[in-house]
Each structure stands twice: as C-alpha cells, then as structure tokens.
Amino acid sequence: MGQTQIQSAVAVATGSSVAVQALTVLVLLAAGYAYFRFLGGRAPGVASRTRK
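Predicted, not measured: the structure shown is a model, and the values here were computed from it.

Student: Quick one: what's the story with the overall build of the protein, residue by residue and with numbers?
Tutor: Looking only at helices and strands, the protein features 3 helices and 0 strands. Start at the N end of the protein and walk to the C end: the helices and strands fall as α-α-α. Taking all 52 residues of the protein together, 6% fall into the buried category. Carbon together with sulfur atoms contributes 67% to the accessible area of the protein, which is approximately 4,600 Å² in total.

See below:
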C-alpha cells in the first residue's frame, strides 16, 4: 500500500458513518494479513531461528 492509499483511507474514515469506518478497518486488516501471509513468510521467522 502506498502512502497516498493510506491517506485516502484515513480521509474516508474521518467524518464518515460507522459502516464506512468498519469497512475501512476490515480492508486494512485484510491488507495486513495478506502482507504477513504472502510477503512476510519469505523471510526466516523467529520460530525457525530458535529451533535447533
């Protein structure tokens, strides 16, 4: 996500109804989940470093 997308999400969330704010939160949570699921899994994790 680029900086402009984050700024537009914040602009939409402020001054909007609760439903729009909830939708914005869900979209951001989904983006975070997708990042850690697909991109974050490529780097070695903490669990793999502690295993001997």
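Resuming the write-up.
Student: Residues and numbers for a nonpolar patch on the surface, please.
Tutor: A cluster of nonpolar residues, Tyr35, Phe36, Phe38 and Leu39, forms a patch on the protein surface that exposes about 500 Å² of accessible area. Of note, Leu39 is situated in helix α2 (residues 18–39).

Student: If you had to explain the confidence of the model for the protein to someone new, which residues and values would you point to?
Tutor: Averaged over all residues, the pLDDT of the protein equals 75, while 62% of them reach at least 70. Looking across the protein, the model is least confident in helix α3 (residues 46–50), with a mean pLDDT of 56, and most confident in α2, with 89.

Student: Outline the side chain of Thr24, listing residues and values.
Tutor: Its place among the elements puts Thr24 in helix α2. A polar contact is formed between the side chain of Thr24 and the backbone oxygen of Val20, at a distance of 2.8 Å.

Student: Could you give me a rundown of the environment of Thr24, with the residues and numbers involved?
Tutor: Thr24 sits in the buried class, given a relative accessible area of 13%. Taking the C-alpha atoms as reference, Thr24 lies 6.7 Å from Ala9; in sequence the two are 15 residues apart.

Student: Account for the packing of aromatic side chains, with residues named and values stated.
Tutor: The tally for this structure, following the rule as stated, stands at 1 aromatic pair. Seen in terms of ring centroids, Tyr35 and Phe36 are 5.1 Å apart; in terms of plane orientation they differ by 75 degrees. Their pairing is edge-to-face. Given a relative accessible area of 45%, Tyr35 falls into the partly exposed group. Phe36 sits in the exposed class, given a relative accessible area of 61%. If you follow Arg37 out to its NZ or CZ, it ends over the ring of Phe38, 5.9 Å from the centre.

Scoring rules and cut-offs
Residues numbered from 1 in each chain as written. Predicted model: local features only at pLDDT ≥ 70, side-chain atom pairs only at ≥ 80, totals over all residues. Heavy atoms only, no water. Helix = DSSP H or I, 4+ residues; strand = E, 2+ residues; numbered from the N terminus. Buried < 20%, exposed > 50% of the residue type's maximum accessible area, 1.4 Å probe, protein only. Areas by Shrake-Rupley, 256 points an atom, 1.4 Å probe, with all protein chains shown as cover. Patch = residues over 30% accessible without salt bridge, like charges linked within 9 Å, V, L, I, M, F, W, Y side chains within 5 Å. Salt bridge = Lys/Arg side-chain N within 4 Å of Asp/Glu carboxyl O. pLDDT = per-residue confidence, 0-100. Polar contact = N/O pair within 3.5 Å; in protein donor to acceptor, adjacent residues only side chain to side chain. Phe/Tyr/Trp six-rings, centres within 6.5 Å; stacked < 30°, edge-to-face > 60°. Lys NZ or Arg CZ within 6 Å of the ring centre and 35° of its normal.

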